[in-house]
Amino acid sequence: MFGKINKHWNNIKFAIKYMTSLSKGFIFITILSAILTAAYNVYTVYLVKIVISYLSSKEIKEFLLLLLVVFIIGISINIINNIISHYFTPILNNNVAKKVKWDIYNAYLRYSYQELNKTKFYDLYVYVLDNSYSSFFSAITILGKMLSNMFSIIGIAALFTRYDYSILIIIICGVLISFILSLYNEKKRYQFNIDLIPKQRAIDYIGRIFYLPEYSDEIHLNRDKTIFYDYYKDANQKILSVIKKWQKLLFSINLFQGSTLLIINVVVLLKLGIEFFNGMFSIDVFAMFFNGTQQLYSLLFSFLAFFSQFYSISLNIQKFRDFMQVEEHGKVGGYKINKIYSLEMKNISFSYNDLEVLRNISLKIDDNVRSLAIVGENGSGKTTLVKVMLGLLKCKSGTILINGTNILDIDINSFESCITMLFQNYKIFSFTIAQNILLKFNITKDDELRVIEALKVVNLYEKVAAFPNGIHTAISTEFDSEGLMLSGGELQKIAFARAYASNSELVVFDEPYNSLDVFSEIVISNIITAIMRKKFVVIISHKVIRLNEVDKIYVIKNGMIIETGSLEKLLQQKGTFYDMFITQKKDVT
């Protein structure tokens, strides 16, 4: 039990330290506000007695002086709270959101390719992204309220002990019962929210595909759109099942918890009434007691409820810390490289679970072989081979050497900075053309020259230069009303321009000729040839008739290299590659 308490306390300390690093001033003014608010709460309880006493004795001057003091205290607290709300809170909100989300995004990049493809990862990622920011901020705001309540409770309890201990005991007992129910309620609500996440993600997915432009045509031109409604309806039905599973228990807990205050009020009012009629105290003390009872119950319950809220915050913070503690998918702090001179795979094998996908693969790219192609039918293992080559997947056996050094000993970040991969389903972002090509926010004059050169290589510069904002034209109108929509072929050229303009020495093309007509294939082939003159190139493809300029070709089948050589050599062998080439040649003609 103490171990769990210590764990939750450590999470709260972590949150406070995290927030303190962002704004010490906010912490200070939160504590100051708590002290002043507590003083005001105690004063207003005693104020009832004083007001009734002054009114009964008709002491006008004392009454007016009292009102002045109340006004000064109240306006001071109001000023401080407004300073917090309008000067500190908006800025801190932005800073906390920026830091928390950026930390989450950086942690995301450290996850391995295998982890990113697990459902549990996405559930954790969504939960952390949705709850961490508010939890960090709530930790401080609740701490301030907790301090205010604690000081208020001490002051009001001191007033009560001067007259009657028993009322204080009744209130404390009622609050403890209510708190236990509240704690149990928080725990069950947390489990309820965890149950909802996978179902809510399914609903969010429908919302996302209706929002993203790349899905728009597919959705609008699909005559039968019932699949989207049915998917949405099914997800809603699953959410309804979760609600029904928990609603009876949550209803019962909240019903009993809400009844506690009513019972306390009746018992205290009954006791105060009996003692007043027995002449044990005057009407001003009665009023003070009854007013104080309401405030003390509320303050005590809130004070204890803050523990349950801290418990809920701690669970969210723990999720955040769990997410952040992921190890890098490769070595960090190892041997750093700033350029690739050679990449070699020696006897590589790889398995998905118990299914062997790659067997005894060996290949090399260096100044003697600056470009190579990995070809084969769909499902032969081409893409898996490249993912192992680039360190996205860890091989079962064998060695990968970068510049003669084992990839396991190389700093993964420095290695990845030397690689550009153009995926088959490449993504163009709602940024400017220049930002999309360089993947850089602030574009300098030198950057503009690199962008222009890349656009010329992909035969797109003249069209872009004619745009009102040139290379600084936004792609899409999502965030910029002056943005433009480009055709699919033009977007593909932007993606290839990105590969050309990158500072990496190795560029990998994933099925660059897929779903293209003959003319487009020739255009893309010329672009790749231009990139070959500047960088190492690896092409993954099941199309083989556009590989004239490639230095070496590896034919893969069932996870094994079955043929290797130049285009001419493989055609002379009249094996699998020859059959693929002749078949595709006939399709073209």
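As a starting point, this report considers the structure included with it. (Residues numbered from 1 in each chain as written. Predicted model: local features only at pLDDT ≥ 70, side-chain atom pairs only at ≥ 80, totals over all residues. Heavy atoms only, no water.)

**Description of the overall build of the chain**
We count it as follows: Numbering goes from the N terminus for both helices and strands, where a helix is a DSSP run of H or I of at least four residues and a strand is a run of E of at least two. C-alpha atoms define the radius of gyration in this analysis, and the globule rule sets the expected value at 2.2 Å times the number of residues to the power 0.38. Residue exposure (1.4 Å probe, protein chains only): buried if accessible area is under 20% of the type maximum, exposed if over 50%, otherwise partly exposed.
When you go through the chain residue by residue, the secondary structure sums to 18 helices and ten strands. Against the 2.2 N^0.38 benchmark of 25 Å for 589 residues, the chain shows a C-alpha radius of gyration of 34 Å, more extended than a compact globule. On the principal axes, the C-alpha backbone points of the chain span a range of 115 × 55 × 55 Å. Out of the 589 residues belonging to the chain, those deemed buried represent 44%.

**Some details on the nonpolar core**
Let me state the cut-off plainly: What makes a nonpolar core is a set of buried Ala, Val, Leu, Ile, Met, Phe, Trp, Tyr and Cys residues whose side-chain atoms join them at distances within 4.5 Å. Residue contacts are defined here by distance: any two heavy atoms, one from each residue, within 4.5 Å place the two residues in contact.
Judged by nonpolar contacts, the single largest core of 61 residues is most densely connected at Phe136, Ile171, Leu296, Phe320 and Phe323. The set of elements that each furnish at least two residues to this core consists of helix H1 (2–20), helix H2 (24–57), helix H3 (60–110), helix H5 (119–161), helix H6 (165–211), helix H8 (226–277) and helix H9 (283–324). Dropping the residues within four chain positions of it, Ile171 is found in contact with Phe160, Val268, Thr293, Leu296, Tyr297 and Leu300. Listed in part, the 47 residues of the second largest apolar core include Ile437, Val451, Ala454 and Val550.

**Details of the packing of H2 against H9**
Keep this limit in mind: Think of each axis as a best-fit line through the C-alpha atoms, taken over the contacting stretch in the case of a helix, with angles from 0 to 180 degrees between the N-to-C directions. Geometric relationships in this document are graded by angle, where less than 35 degrees denotes roughly parallel, more than 145 denotes roughly antiparallel, 65 to 115 denotes roughly perpendicular, and other angles denote oblique. Handedness of a helix crossing follows the sense of rotation of the near helix relative to the far helix, less than a right angle counterclockwise being left-handed and clockwise being right-handed. Charged residues are taken to be Asp, Glu, Lys and Arg, nonpolar residues to be Ala, Val, Leu, Ile, Met, Phe, Trp, Tyr, Cys and Pro, and polar residues to be all remaining types, Gly included.
The contact between H2 and H9 brings their axes to 8 Å, and the two run at 165 degrees. Comparing their axes, H9 and H2 come out roughly antiparallel. Remark: the crossing between H2 and H9 carries right-handed chirality. Where H2 approaches H9, its residues Asn41, Thr44, Val45, Tyr46, Val48, Lys49, Ile52 and Ser53 are matched on the opposing element by Ile283, Asp284, Val285, Ala287, Met288, Asn291, Gly292, Gln295 and Leu299. Split into classes, the residues belonging to the contact of H2 with H9 amount to nine nonpolar, six polar and two charged.

**A closer look at the pairing of strand E3 (residues 371–375)**
If a strand is regular, its side chains alternate between the two faces of the sheet. For clarity, the cut-off: One requirement defines pairing of two strands: DSSP has to find at least two bridges between them.
In terms of burial, E3 is a largely internal element, five of the five residues being buried. Burial of the side chains of E3 extends over both faces: Ser371, Ala373 and Val375 are buried on one face and Leu372 and Ile374 on the other. Sheet topology places E3 next to strand E8 (residues 536–541); five bridges connect them, and they run parallel. Directly across from Ile374, in E8, lies its bridge partner Ile540. Where E3 and strand E9 (residues 552–557) come together, four bridges link them in parallel fashion.

**Brief notes about the environment of Asn436**
The condition that has to hold: Polar contact criterion, stated in full: a pair of N or O atoms within 3.5 Å, where within protein one must be able to donate a hydrogen and the other to accept it, and residues adjacent in sequence count only if both atoms are side-chain atoms.
In this fold, Asn436 is placed in helix H12 (residues 433–438). Using a relative accessible area of 0% as the deciding quantity, one classes Asn436 as buried. Each C-alpha atom of the pair Asn436 and Val42 lies 60 Å from the other, and the pair is 394 residues apart in sequence. Not counting residues within four places of it along the chain, the set of residues in contact with Asn436 comprises Ile428, Phe429, Phe431, Ile475, Ile494 and Arg498. In terms of polar contacts, Asn436 uses its side chain to reach the backbone amide nitrogen of Phe429, at 2.8 Å.

**A word on the packing of aromatic side chains**
To be explicit about the condition: Between the rings of Phe, Tyr and Trp (Trp by its six-membered ring), a pair exists once the centres lie within 6.5 Å; its type follows the angle of the planes, with under 30 degrees stacked, over 60 edge-to-face, and the other angles tilted. Both a distance and an angle decide whether a charge sits over a ring: NZ of Lys or CZ of Arg must be within 6 Å of the ring centre and within 35 degrees of the ring normal.
By the definition in use, this model includes 16 aromatic pairs. Judged by centre distance (6.0 Å) and plane angle (80 degrees), the ring pair of Tyr18 and Phe320 falls under edge-to-face. On the criterion of sequence distance, the pair formed by Tyr18 in helix H1 and Phe320 in helix H9 is long-range, its members being 302 residues apart. As far as the burial class goes, Tyr18 and Phe320 line up, both buried. Its end group placed over the ring of Phe14, Arg321 keeps NZ or CZ at 4.5 Å from the ring centre. Lying over the aromatic face of Tyr461, Lys456 brings its terminal NZ or CZ to 5.3 Å of the ring centre.

**Things to note about H2**
For clarity, the threshold we go by: Expected helix span is taken as 1.5 Å per residue step, with the number of steps being one fewer than the number of residues. Each residue is assigned a bend, namely the angle between axes fitted to the seven residues that terminate at it and the seven residues that start at it.
Along its 34 residues, H2 runs 49 Å from first to last C-alpha, staying within 8% of the 50 Å computed at 1.5 Å per residue. The largest bend in H2 comes to about 35 degrees, at Tyr46. Where H2 terminates, the next one or two residues include Lys58, which has phi positive at roughly 55 degrees.

**Points about the sheet that holds strand E2 (residues 355–365)**
Spatial strand order, E2-E1-E4-E5: four strands in an open sheet with antiparallel pairing. What marks the edges here is a single partner per strand, and that holds for E2 and strand E5 (405–406). Its contacts with the sheet place helix H10 (residues 382–389) against strand E1 (343–352), E2 and strand E4 (397–402), and it is angled at close to 120 degrees to E1.

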